[in-house]
Amino acid sequence: MTLVEQFNNLNGTTVKRKHIESILAQAKAENEINIIYRLSKLLNQYPDSNYFTLTVDQYSNDALNAPRHIGNYKLALDDCGRLKKGWKFENGNVVQVEKPQEKKVKPIEVKKPVAKKLTPAKKQSQPKAAPKKIKEQTFEKKTFKPEEWIKADVRKSTSLIKKYLKEKYNIKASVRSDFYSGGSSLHVSYVMGPESNMVESELKRLQYGRFDGMTDMYNYNDKAFNGIVLDGYRLYEYKYVFVDQDLTENFKVRLATVLSQEINYKDVPIMDGTKESYYKYFDSPFLHYSSWSQLFHYLTSGNKNFVTQDDHAIQNIKAFRDPESTKYYFTYTFEGTAYNTLKPKIYPTKMIKEKAIVKNKIVFFDYGKNTVAVIGLLGEIEDELLELGGKHSHKIKHDGKEHSGYVFNKSKSDQVINVLIDYSKQDEVGSLNSALPASFEIENAPVKTIVIPKDNMKVVQSFNPIVAQPIVPVVETQTFPENKPEIPVDTTTARTPEVRTVTSERKAAAKPSNPYVKSMADCGSNGNANYFDFYGPLGEFLGDLEVKPQESIVVTIDAPQGAGKTRLLFQIINMVTSAGYNPLFLSLEEHPDSSLFTGKRDEYLSEENKNKVHTMGSLPETPSKLYEIIENYEIVFIDSFGKLYNGIDLDKDIRKRYNGKLFFVIYQRTQDGKMRGGSASQFDADATMKVEKDATDYKNSYAYFDKHRYQSIPLGELKYNIFSKELG
């Protein structure tokens, strides 16, 4: 679609500011003055607006109609609407480029020479030497040759996927492909067997991108992480991949019946083993679930892995609470062998499945006066490069093209090269280990040497791609008489070689005497870890938050004004109170006696919980008095951090002051989308929750985690709708 067509398509639509800015940037690149003038004027006229409903007049599908220029535009633009020389575009207007004024040279007056005493000439300062250039180097991670692949069509890909799932998971699956105007999709479905997330985690590599609801765009993945090769065939790739596991209806009723007898929730009837009781609605909803069919799906999600697709062959079913989560799992027997549903059974497969399908070529080179750059497929080491201070860029120029990679200060060259050497070396070692037995010897093993220029590294580094053999115990040689056929051997008295382990004489390390230091063997000696026991969609959203024996957990919440963060806080307060905890709410933004506060209280807190939640609308005179009050509560909510005492530190004064508590702290968000005064807090917090505001419909606003140390679900798949109170 051309730029003009994109501009004309804005007519009659409501779009985000970011979308207009992207079209404006493209117009500037193509020097489309008419589009630049109109869009810049619109954005400058409404600087605080994020959504625009536009009407575009007098434009066709081919080109823009030339406007009637007035004022400076009449002087600056030619008949075709293009900018003349001597003019430039600035802040939605055209301005004339001022020519630099020529300095008048004054005539030099010639004076008669005056005799002066000779003085020694000053040494001229030598110009600084230009920085030495760093030699360009290539690091290649060897996998296998792409030219050896055979590109499989849709039918061949479907056949290979079916065969692979049958061998690896012992399931017979339905695999089909759909094609439509917007792209294509792969659908895999089966009954019983492993949970769908297990199979989907493999097949998602056939999905070449993902849809981002925040930008309303489909983003393409790095090719380094895409694709699957099976038996030498590169499988067909799709826009979307869907995997669905189902259980037979009778088996669902059977499992739910066993589960209901184990948990015995209050006001939730025990199932009688019939379909009617499985689908029948409760008299009152329990944790937002209205029937056993809904509750069963929630309580067992992720824990329904079976070794057979024959549900009639499964016997002796029992339900147990998973100690590491709020979910339940089942134990059962199949053909006389005991199994549980926590982990799927994976069978050995003869099909060759490669993990990486792209030849990973990385180039390190001198990029500027004080910078170096690394380009290539860097996905597996991007965390290490970021730790070294690398700045990601999509426009690193090399060999006349723009590449994606990282730019570093030249002082980091040695460290960057070490990372790249280790990366390529690690791959060669791994490929050899996978092809050779545990104990092996190779004569004349080749040594690959990478030479680093002297100005870049002090020592030339080299490595041998063959792994050093593990140290084995030294067997003391013994002499035994040769066993002859005519002499029988008494196996009961035969001596076995005595094994003597060679160890160096070292003194045992003494236990640390400093009270701040202890051995790692003593860590966690307090016993099994404890977790806050939360239920429902909101509990699943918050994850397994630990009751820490030392220090506390802090969850920060930031959002723009009117996004619903206070309403979300009330929902969390009601949930934790129903779970049996005693919370304290520091409502420093809305006073507890105000109608705004009581309205949210009546909407989100149950009558039973209102007396259990304690709140404060103002702070005591000194922080020490507030610290004494907080000591009496398990969970503390603060709205907002900016209203606390000046100089208070989230890490020192809250998180590390107490042991085993949980804090939810609200931060306001600045216009540029950052936590107001919370850059350090965002680093110190255990989880940072954000709220995305939908300006057109508040019902679509949702919360998500930008960081979470205690959440096992991928954060990109975790969203909580504040209005519907459901996971999205």
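Refer to the structure printed above.
So, here is what we can say about the structure in this document.

Reading the values: rules and limits
Residues numbered from 1 in each chain as written. Predicted model: local features only at pLDDT ≥ 70, side-chain atom pairs only at ≥ 80, totals over all residues. Heavy atoms only, no water. Pairing = 2+ DSSP bridges. Helix = DSSP H or I, 4+ residues; strand = E, 2+ residues; numbered from the N terminus. Axes fitted to C-alpha atoms, helices over the stretch in contact; angles between N-to-C directions. Parallel < 35°, antiparallel > 145°, perpendicular 65-115°, else oblique. Left-handed = near helix turned anticlockwise from the far one by under 90°. Contact = heavy atoms within 4.5 Å. Nonpolar A, V, L, I, M, F, W, Y, C, P; charged D, E, K, R; others polar. Expected span 1.5 Å × (residues − 1). Buried < 20%, exposed > 50% of the residue type's maximum accessible area, 1.4 Å probe, protein only. Polar contact = N/O pair within 3.5 Å; in protein donor to acceptor, adjacent residues only side chain to side chain. Core = buried A, V, L, I, M, F, W, Y, C linked by side-chain atoms within 4.5 Å. Salt bridge = Lys/Arg side-chain N within 4 Å of Asp/Glu carboxyl O. Phe/Tyr/Trp six-rings, centres within 6.5 Å; stacked < 30°, edge-to-face > 60°. Lys NZ or Arg CZ within 6 Å of the ring centre and 35° of its normal. Patch = residues over 30% accessible without salt bridge, like charges linked within 9 Å, V, L, I, M, F, W, Y side chains within 5 Å. Areas by Shrake-Rupley, 256 points an atom, 1.4 Å probe, with all protein chains shown as cover. Lys, Arg positive; Asp, Glu negative; His and termini not counted. Charge placed at Lys NZ, Arg CZ, Asp CG, Glu CD.

### Describing the sheet that holds strand E13 (residues 240-246)
Pairing is mixed across the open sheet formed by 3 strands, whose spatial order is E7-E8-E13. Edge positions in the sheet fall to strand E7 (174-180) and E13, since each of these pairs with one other strand and no more. Ignoring which end each strand starts from, the neighbouring axes of this sheet average 15 degrees apart. As defined by bridge partners, E7 adjoins strand E8 (residues 183-191) across 7 bridges and the pair is classed as antiparallel. Residue pairing across strands places Ser 177 opposite Leu 186, the latter belonging to E8.

### Here's the deal with the packing of helix H13 (residues 565-578) against helix H14 (residues 595-604)
The geometry of H13 relative to H14 is characterised by a closest axis approach of 10 Å and an angle of 45 degrees between their N-to-C directions. The angle between the axes of H13 and H14 places the two elements in the oblique class. The two elements H13 and H14 meet at a crossing, and its hand is right-handed. Listed contacts from H14 to Thr 566, Arg 567, Phe 570, Gln 571 and Asn 574 of H13 are Phe 597, Lys 600, Arg 601, Glu 603 and Tyr 604. Broken down by class, the residue content of the contact of H13 with H14 amounts to 3 nonpolar, 3 polar and 4 charged.

### Digging into helix H3 (residues 33-45)
With 13 residues, H3 ought to run about 18 Å at 1.5 Å a step, and its terminal C-alpha atoms sit 18 Å apart, in line with that. Of the positions making up H3, those classed as buried are Ile 33, Asn 34, Ile 35, Ile 36, Leu 39, Ser 40, Leu 42 and Leu 43. For H3, the elements touching its buried residues are helix H1 (3-8), helix H2 (17-30), strand E2 (51-53) and strand E3 (87-90).

### Brief notes about the side chain of Ser 587
Following the sequence through the fold, Ser 587 ends up in strand E29 (residues 583-587). When its relative accessible area of 1% is taken as the criterion, Ser 587 is described as buried. At a separation of 2.4 Å, a polar atom in the side chain of Ser 587 contacts the main-chain carbonyl oxygen of Glu 590. Beyond its immediate stretch of four places on either side in the chain, Ser 587 contacts Pro 592, Phe 597, Thr 615, Met 616, Gly 617 and Asp 639.

### Some points on the nonpolar core
Counting residues in hydrophobic clusters, the biggest one holds 37 residues, and the most contacted among them are Phe 534, Leu 542, Phe 664 and Met 689. Counting residues per element, the ones that place at least two in this core are helix H12 (536-542), strand E28 (553-559), H13, H14, strand E31 (635-639), strand E32 (662-668), strand E33 (687-692) and strand E34 (702-708). In terms of residues, this core owes the most to one element, H13, which gives 7 residues. If we ignore the near neighbours within four places in the chain, the residues touching Leu 542 are Phe 534, Ile 572, Met 575, Phe 664, Met 689, Phe 705, His 708 and Gln 711. In terms of nonpolar packing, the next biggest core, distinct from the first, is built from 30 residues, Leu 247, Phe 251, Val 268 and Tyr 298 among them.

### Points about the pairing of strand E17 (residues 328-334)
For E17, the buried fraction is high: 6 of the 7 residues fall into the buried class. Note that strand E16 (residues 314-321) and E17 share 6 bridges and pair antiparallel. In the sheet register, Gln 315 faces E17, and the bridge partner there is Thr 333. In this structure, the hairpin formed by E16 and E17 is closed by a connection of 6 residues. Examined bridge by bridge, E17 and strand E18 (residues 337-340) share 4 bridges and lie antiparallel to one another. For Phe 334, the partnering residue across the bridge sits in E18 and is Thr 337. Linking E17 to E18, which pair antiparallel, is a turn of 2 residues; within it Glu 335 sits at a positive phi near 55 degrees.

### Digging into the sheet that holds strand E30 (residues 614-616)
Two modes of strand pairing occur in sheets, parallel and antiparallel, and in both the strands are linked by backbone hydrogen bonds. Taken in spatial order, the 9 strands make up an open sheet running E30-E29-E31-E32-E28-E33-E34-E35-E36, and their pairing is mixed. Two strands lie at the open edges of the sheet, namely E30 and strand E36 (726-727), each paired on one side alone. For E29 and E31, the ladder comprises 5 bridges, and the chain directions are parallel. Counterpart to Leu 584 in the pairing with E31 is Val 636.

### Here's the deal with the pattern of salt bridges
Using the criterion set out here, one finds 25 salt bridges in the structure. The salt bridge involving Glu 237 is made with Arg 234; its shortest N-O contact spans 2.7 Å. Glu 540 is the partner of Lys 327 in a salt bridge, and the nearest nitrogen-oxygen pair spans 3.6 Å. Linking Lys 327 in the loop between E16 and E17 with Glu 540 in helix H12, this pair joins segments that are 213 residues apart in sequence.

### So, the packing of aromatic side chains
Taken as a whole, this structure holds 25 aromatic pairs when the rule is applied. When the ring of Phe 179 is compared with that of Tyr 236, the centres are 6.0 Å apart and the planes differ by 75 degrees; the resulting orientation is edge-to-face. Here Phe 179, found in strand E7, pairs with Tyr 236, found in the loop between strand E12 (233-234) and E13; they are 57 residues apart in sequence, far enough to count as distant. Taking relative accessible area as the criterion, Tyr 236 reaches 27% and is therefore assigned partly exposed. Ring geometry for Phe 637 and Phe 664: centres 5.0 Å apart, planes at 10 degrees, overall stacked. Of this pair, Phe 637 sits in strand E31 while Phe 664 sits in strand E32, and the two are 27 residues apart along the sequence. Each member of the pair, Phe 637 as well as Phe 664, is classed as buried. Ring pairs connect the aromatic residues Tyr 208, Tyr 218, Tyr 240 and Phe 242, which therefore count as one cluster. The ring of Tyr 218 carries Lys 239 above its face, with NZ or CZ at 5.0 Å from the centroid.

### Some points on the environment of Ser 640
For Ser 640, the location among the structural elements is in the loop between E31 and helix H17 (650-655). Overall, Ser 640 belongs to the buried group, its relative accessible area being 2%. Through-space distance from the C-alpha of Ser 640 to that of Glu 589 is 6.5 Å; in sequence the pair is 51 residues apart. With residues up to four places along the chain from it excluded, the contact list for Ser 640 reads Leu 588, Glu 589 and Ile 666. At 2.6 Å, the side chain of Ser 640 forms a polar contact with the side chain of Glu 589.

### Side note on a negative patch on the surface
A grouping of Glu 382, Asp 383, Glu 384, Glu 387 and Asp 422 is seen on the molecular surface, where their side chains present a negatively charged patch. Relative to the helices and strands, Glu 384 is located in helix H10 (residues 382-387).

### What to know about the packing of H2 against H3
The interhelical angle for the contact between H2 and H3, taken along N-to-C directions, is 145 degrees, at an axis separation of 9 Å. In the crossing of H2 with H3, the sense of the turn from one axis to the other is left-handed. On H3, the residues that touch Arg 17, Ile 20, Glu 21, Ile 23, Leu 24, Ala 27 and Lys 28 of H2 are Ile 35, Ile 36, Leu 39, Ser 40, Leu 42 and Leu 43. Partitioned by chemical class, the residues of the contact of H2 with H3 number 9 nonpolar, 1 polar and 3 charged.

### Considering the side chain of Arg 17
Its location among the elements puts Arg 17 in helix H2. Excluding residues that lie within four positions of it along the chain, Arg 17 makes contacts with Leu 43, Tyr 46, Pro 47, Ser 49, Asn 50 and Phe 52.

### Regarding unusual backbone geometry
Note that the residue after Asp 639, namely Ser 640, is joined by a cis bond; omega there is 5 degrees. In this structure, Asn 170 takes a positive phi of about 60 degrees despite not being glycine. With respect to the helices, strands and loops of the structure, Asn 170 is situated in the loop between helix H5 (154-169) and E7.

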